[in-house]
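Here is how the chains run, residue by residue.
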Amino acid sequence: MIKITFPDKSVREFPEPLTGLEIARSISNSLAKEVLAVTVDGKIWDLTRTISHDASVKLHTWDDPEGKEAFWHSSAHLMAEAIEQIYPGTKFGIGPSIETGFYYDIDLPGGRQLAEKDLQQIEKKMVELARQNNAIVRREISKAEALELFTQKNDELKLELINELEDGTISVYEQGNFTDLCRGPHLPHTGYIKAIKLTSIAGAYWRGSENNRMLTRVYGVTFPKQKMLGEYLTMLEEAKKRDHRKIGREMELFTFSEAVGQGLPLWLPKGAQLRMQLEEFLKKIQKRYNYEQVITPHIGDVKLYKISGHYEKYGKDSFHTITTPAEGEEYMLKPMNCPHHCEIYKSKPRSYKDLPVRMAEFGTVYRYEQSGELHGLTRVRGFTQDDAHIFCRPDQLKDEFKKVIDIIFIIFKALHFDDYIAQISLRDKENSEKYIGTVENWNKAEQAIIEACDEKGLKTTIEPGEAAFYGPKLDFMVRDALGRSWQLGTIQVDYNLPERFNLEYIGADDNRHQPVMIHRAPFGSLERFVAVLIEHTAGKFPLWLAPEQVVLLPISEKYNEYAQKVLNFLNIYDIRTIIDDRNEKIGRKIRDNELKRIPYMLIVGEQEAESDTVSVRRQGHGDKGVMTIKEFAEMILAEIKDQQ
RNA sequence: GCCGGAGUAGCUCAGGGGUAGAGCGCAUCCUUGGUAAGGAUGAGGUCACGAGUUCAAUUCUCGUCUUCGGCUCCA
């Protein structure tokens with residue numbers, strides 16, 4: 001008898017060993033059709049693998065990540081099989097499932113390169129092979145056998161992988177005439193894969209290292225139903241419409257110019273308006289939290305960065321230094337603001353009673369990014385951080401950290417960023433030489449972050465080894481329209497700079513002590529934040545942020561004068577208003593201004609002019625009726641206040 | 001930086017070895033219209049840049065730049 005325990009703790013007994021698929025079938029035929037993989041005692045297995053002992057079992061369908069993973073992993077094998085048939089002698093690197101779909105890194109024989117047009121042929125072959133319903137069979141083999149097998153195939157990539165595996169843990173999967181080294185799990189047969197789309201080709205370094213040779217990476221995605229592929233492609237189209245580069249151009253928020261240089265955004269008037277609004281918003285919050293604004297120059301003596309240690313670590317990969325013509329002094333474009341702020345801290349003696357000192361600056365920094373990495377506003381070479389540095393006593397660290405989390409909460413809440421990941425990055429304890437500072441301080445700092453998050457009820461993931469070299473940090477990651485995740489807010493603890501800059505304060509004991517620094521930027525960079533904001537809102541910004549809040553639409557040119565009167569009135573309340581006085585019919589003006597995403601449209605004609613009223617339309621919501629100019633202004637101001 | 005696409009009007013794109021095309025936008029005129037596209041006329045291009053092949057290149061070849069999708073990197 002085999003006892004199978006299900007996730008709901010129910011237990012069923014079966015007379016003899018059986019597979020996951022058979023378990024599913026014993027429950028219902030429809031489940032048996034949908035199930036893709038099975039977790040047996042916490043390990044993911046093939047459905048066709050026999051369970052011969054009592055076990056707890058969870059069946060995975062397409063709705064579980066585990067189900068998709070098996071599906072896409074098998075799809076990667078299917079693609080490899082197709083490629084091997086079309087290009088015999090191809091060597092295969094790794095071919096995992098990813099968040100959406102899968103890829104395989106391959107090395108085509110004779111240095112052949114794949115082009116986009118070759119994908120169709122591979123797709124076609126995949127469909128053909130899938131339709132054969134070839135069973136995917138797991139075989140456990142010894143290391144010697146594995147080496148033998150892939151030596152025959154002359155695939156040194158796989159051999160390299162096998163050499164790192166332990167004997168007795170090696171498995172291969174076979175389908176048709178194709179065999180691949182693989183841990184699994186896989187679908188029972190290739191026929192599950194109904195819809196196939198190979199999406200792109202990219203170069204990828206073998207094992208992710210620039211020092212290795214570059215392989216060809218083919219990306220694809222597959223689905224169990226043709227319809228799902230259609231939906232996926234539609235979703236991609238929709239996402240493209242939200243792309244901040246497209247909307248940024250349409251709404252005249254920002255632009256780039258070849259003449260200025262790549263990765264150097266130019267903020268157009270409307271974009272600048274939006275950005276300044278965000279800055280004002282944050283300034284107000286920071287004032288509440290007792291921050292002080294400072295301003296520092298865009299360049300700094302190279303010695304400053306030698307003191308901070310950044311020159312040594314990043315100087316070679318940075319923009320080169322600028323030299324003064326007569327004296328030959330060397331300056332760097334500032335890649336961060338902290339060294340400047342440290343010097344401000346040092347501008348006078350500090351007492352323990354003065355701490356924490358919280359210094360904020362919208363500091364524009366310049367960093368060399370590899371040309372291939374630049375991307376709209378999310379990855380640029382010149383950007384403005386909403387930077388601040390908190391200099392505090394060690395006993396204040398946790399509290400200060402919590403207050404920064406509060407600020408980030410306020411911002412994310414105001415902008416409805418509720419789908420974020422908070423990631424705590426700790427040091428890699430195996431490699432302590434990578435970090436500076438004492439073990440004691442690291443322990444304290446890591447402890448403080450973990451406790452602060454805990455006490456704030458923040459759900460976090462912990463990533464050991466991801467800390468900065470000078471201290472642990474907490475990052476907030478938010479996704480863009482295409483699901484790519486970007487780091488926005490960051491809070492970092494730093495014991496290094498206070499040490500290097502000899503920062504100190506006089507303690508209650510009349511001795512000199514070293515403060516701790518917190519680097520923090522809730523937006524991260526204004527550029528990246530605005531990019532993500534655009535993609536989240538599809539350019540339909542909340543009223544308080546909209547570059548133009550109200551547009552007046554006179555019914556005909558006869559009422560332009562009245563429109564101007566309304567505009568003057570709204571101006572008194574700082575409501576950002578424009579007039580569409582083009583010689584067009586009202587229907588046309590409404591359409592065009594709806595598409596411009598201006599939150600309120602005010603239609604004014606004879607009736608309104610006679611009664612000092614406006615006819616209100618809300619973008620996306622249509623007619624809202626007539627109200628007096630004053631009522632409208634009050635409504636708008638209330639809405640703005642409510643949103644902040 | 002690396003691999004693979006792309007670059008034609010302000011935007012979206014068609015075209016193709018021999019005067020360069022559309023829609024939208026823009027300008028002028030007609031129209032003065034009440035809740036998602038009124039009409040007419042017109043201006044706009046060194047077809048990214050530089051070489052090469054050719055009688056002739058925007059079109060073919062090579063290089064450069066920019067841009068897009070990835071890789072690597074990210075103080």
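On a predicted model such as this, the values are computed, not experimentally measured, just so you know.

**A short note on the environment of threonine 384**
Phase 1 of the analysis: Mapped onto the elements of the fold, threonine 384 is located in strand β23 (residues 382–392).
Phase 2 of the analysis: For threonine 384, the residues in contact, after removing those within four places along its chain, are Arg275, Phe362, Gly363, Thr364, Gly524, Ser525, Leu526 and Glu527.

**Some thoughts on the pairing of strand β33 (residues 600–604)**
Consecutive side chains of a regular strand alternate in pointing toward one face of the sheet and then the other.
Phase 1 of the analysis: Across the five residues of β33, five count as buried, placing the element largely inside the fold.
Phase 2 of the analysis: Here β33 shows a buried face lined by Tyr600, Leu602 and Val604 and a second buried face lined by Met601 and Ile603.
Phase 3 of the analysis: Pairing of strand β31 (residues 550–554) with β33 involves five bridges; the strand directions are parallel. By the bridge assignment for β33, leucine 553 is matched with isoleucine 603.
Phase 4 of the analysis: As defined by bridge partners, β33 adjoins strand β34 (residues 613–618) across four bridges and the pair is classed as antiparallel. Following the sheet pairing, methionine 601 is matched in β34 by arginine 617.

**Here's the deal with the sheet that holds strand β27 (residues 485–494)**
Phase 1 of the analysis: Read from one edge of the open sheet, eight strands run β18-β22-β23-β30-β27-β26-β24-β25, paired in mixed fashion. Both outer strands of the open sheet, β18 (292–293) and β25 (460–464), are each paired with one neighbouring strand and no more.
Phase 2 of the analysis: Inspection of the sheet shows strand β22 (residues 357–366) paired to β23 by ten bridges, in the antiparallel sense. Note that in β23 the partner of tyrosine 366 across the bridge is glycine 382.
Phase 3 of the analysis: In the packing of helix α9 (residues 269–288) onto the sheet, the strands contacted are β18, β22, β23 and β30 (516–521), and the crossing angle to β22 comes to about 160 degrees.
Phase 4 of the analysis: Its contacts with the sheet place helix α14 (residues 439–455) against β24 (420–426), β25, β26 (473–479) and β27, and it is angled at close to 160 degrees to β24.

**Looking at the packing of helix α5 (residues 143–152) against helix α6 (residues 156–163)**
The relative placement of two packed helices comes down to the angle between their axes together with the axis-to-axis distance.
Phase 1 of the analysis: Where α5 contacts α6, the axes come no closer than 9 Å and their chain directions differ by 170 degrees. Taken together, α5 and α6 sit at an angle that is classed as roughly antiparallel. The segment α5 lies against α6, with Lys143, Ala146, Leu147, Phe150 and Thr151 engaging Lys158, Leu159, Ile162 and Asn163.
Phase 2 of the analysis: Residue composition of the contact of α5 with α6, grouped by class: five nonpolar, two polar and two charged.

**Description of the protein's contact with RNA strand B**
Phase 1 of the analysis: Near RNA strand B, the surroundings consist of 54 residues, among which Ser371, Glu373, Asn583, Arg588 and Ser615 are the closest.
Phase 2 of the analysis: When the atoms of RNA strand B within 4 Å of the protein are sorted by group, sugar and phosphate make up 51%.
Phase 3 of the analysis: Separating a phosphate oxygen of RNA strand B from a side-chain N or O atom of tyrosine 314 is a distance of 3.4 Å.
Phase 4 of the analysis: Of all the secondary structure elements, the ones that give two or more residues to the surface near RNA strand B are β14 (195–205), β15 (214–223), α8 (244–250), α11 (310–314), α18 (586–595), α19 (606–611) and β34.
Phase 5 of the analysis: Looking at the surface near RNA strand B residue by residue, the classes come out as 16 nonpolar, 17 polar and 21 charged.

**Observations concerning helix α20 (residues 629–643)**
Phase 1 of the analysis: Taking 1.5 Å per residue, 15 residues should reach 21 Å; α20 reaches 21 Å between its end C-alpha atoms and fits that length.
Phase 2 of the analysis: Turning to α20, its buried residues number three or more, namely Ile629, Phe632, Ala633, Ile636, Glu639 and Ile640. Mapping the buried residues of α20 onto a view down its axis gives an arc of 130 degrees, with all of them on the same face. Those residues of α20 that are exposed and aimed more than 90 degrees away from the buried face are Lys641 and Asp642.
Phase 3 of the analysis: In this structure, the buried residues of α20 make contact with β31, α17 (560–572), β33, β34 and β35 (622–628).

**Examining the packing of aromatic side chains**
Phase 1 of the analysis: Counted according to the given criterion, the structure contains 21 aromatic pairs.
Phase 2 of the analysis: Relative to tyrosine 219, the ring of tyrosine 103 lies with its centre 5.5 Å away and its plane at 55 degrees, an arrangement referred to as tilted. Here the residue tyrosine 103 occupies a position in strand β10 (residues 101–107), and tyrosine 219 occupies one in strand β15, the gap between them amounting to 116 residues.
Phase 3 of the analysis: Tyrosine 103 gets classed as buried once you look at its relative accessible area, which sits at 11%.
Phase 4 of the analysis: Aromatic rings pair up to connect Phe412, Phe417, Tyr420, Phe476, Phe523 and Phe529 into one cluster.
Phase 5 of the analysis: Sitting over the face of the ring of phenylalanine 469, lysine 313 holds its NZ or CZ atom 5.0 Å from the ring centroid.

**Some details on the packing of helix α13 (residues 397–414) against α14**
Phase 1 of the analysis: Following both chains from N to C, one finds α13 and α14 inclined at 45 degrees, their axes separated by 9 Å at the closest point. If you check the angle between α13 and α14, you find them oblique. By crossing handedness, the relation of α13 to α14 is classed as right-handed. Taken together, the residues of α14 that come into contact with α13 (itself represented by Leu397, Lys398, Phe401, Lys402 and Ile405) are Ala445, Ala448, Ile449, Glu451, Ala452, Cys453 and Glu455.
Phase 2 of the analysis: For the contact of α13 with α14, the class distribution of residues is eight nonpolar, no polar and four charged.

**Observations concerning empty space enclosed by the protein**
Phase 1 of the analysis: Within the structure shown, the criterion is met by one cavity of 30 Å³ or more.
Phase 2 of the analysis: The calculated volume of the largest cavity comes to roughly 40 Å³.
Phase 3 of the analysis: Among the elements that take part in the lining of the largest cavity, β26 stands out by supplying three residues, more than any other.
Phase 4 of the analysis: Looking at the lining of the largest cavity, its residues break down into four nonpolar, one polar and two charged.

**A word on the layout of surface pockets**
Phase 1 of the analysis: What the largest pocket holds in volume is close to 1400 Å³.
Phase 2 of the analysis: Forming the boundary of the largest pocket are 47 residues, of which Tyr314, Arg367, Glu369, Phe383 and Gln385 lie nearest the centre.
Phase 3 of the analysis: Those elements giving two or more residues to the lining of the largest pocket turn out to be α11, β23, β24, β26, β27 and β30.
Phase 4 of the analysis: Top contributing element to the lining of the largest pocket by residue count: β27, with six residues.

**Digging into the confidence of the model for chain A**
Phase 1 of the analysis: Summary statistics for chain A give a mean pLDDT of 92 and a share of 100% for residues scoring 70 or more.
Phase 2 of the analysis: Predicted as a complex, the structure gets a pTM of 0.91 and an ipTM equal to 0.94.

Each value, and the rule that gives it
Residues numbered from 1 in each chain as written. Chains lettered and ligands numbered in written order. Predicted model: local features only at pLDDT ≥ 70, side-chain atom pairs only at ≥ 80, totals over all residues. Heavy atoms only, no water. Helix = DSSP H or I, 4+ residues; strand = E, 2+ residues; numbered from the N terminus. Contact = heavy atoms within 4.5 Å. Buried < 20%, exposed > 50% of the residue type's maximum accessible area, 1.4 Å probe, protein only. Pairing = 2+ DSSP bridges. Axes fitted to C-alpha atoms, helices over the stretch in contact; angles between N-to-C directions. Parallel < 35°, antiparallel > 145°, perpendicular 65-115°, else oblique. Nonpolar A, V, L, I, M, F, W, Y, C, P; charged D, E, K, R; others polar. Near = heavy atom within 4 Å. Polar contact = N/O pair within 3.5 Å; in protein donor to acceptor, adjacent residues only side chain to side chain. Expected span 1.5 Å × (residues − 1). Arc of directions from axis to C-beta. Phe/Tyr/Trp six-rings, centres within 6.5 Å; stacked < 30°, edge-to-face > 60°. Lys NZ or Arg CZ within 6 Å of the ring centre and 35° of its normal. Left-handed = near helix turned anticlockwise from the far one by under 90°. 1 Å grid on protein atoms, 1.4 Å probe; cavity = no way out; pocket = protein on both sides within 12 Å on 5 of 7 lines; lining within 4 Å. Points joined across faces, edges and corners; volume = space filled by probe spheres on them. pLDDT = per-residue confidence, 0-100.

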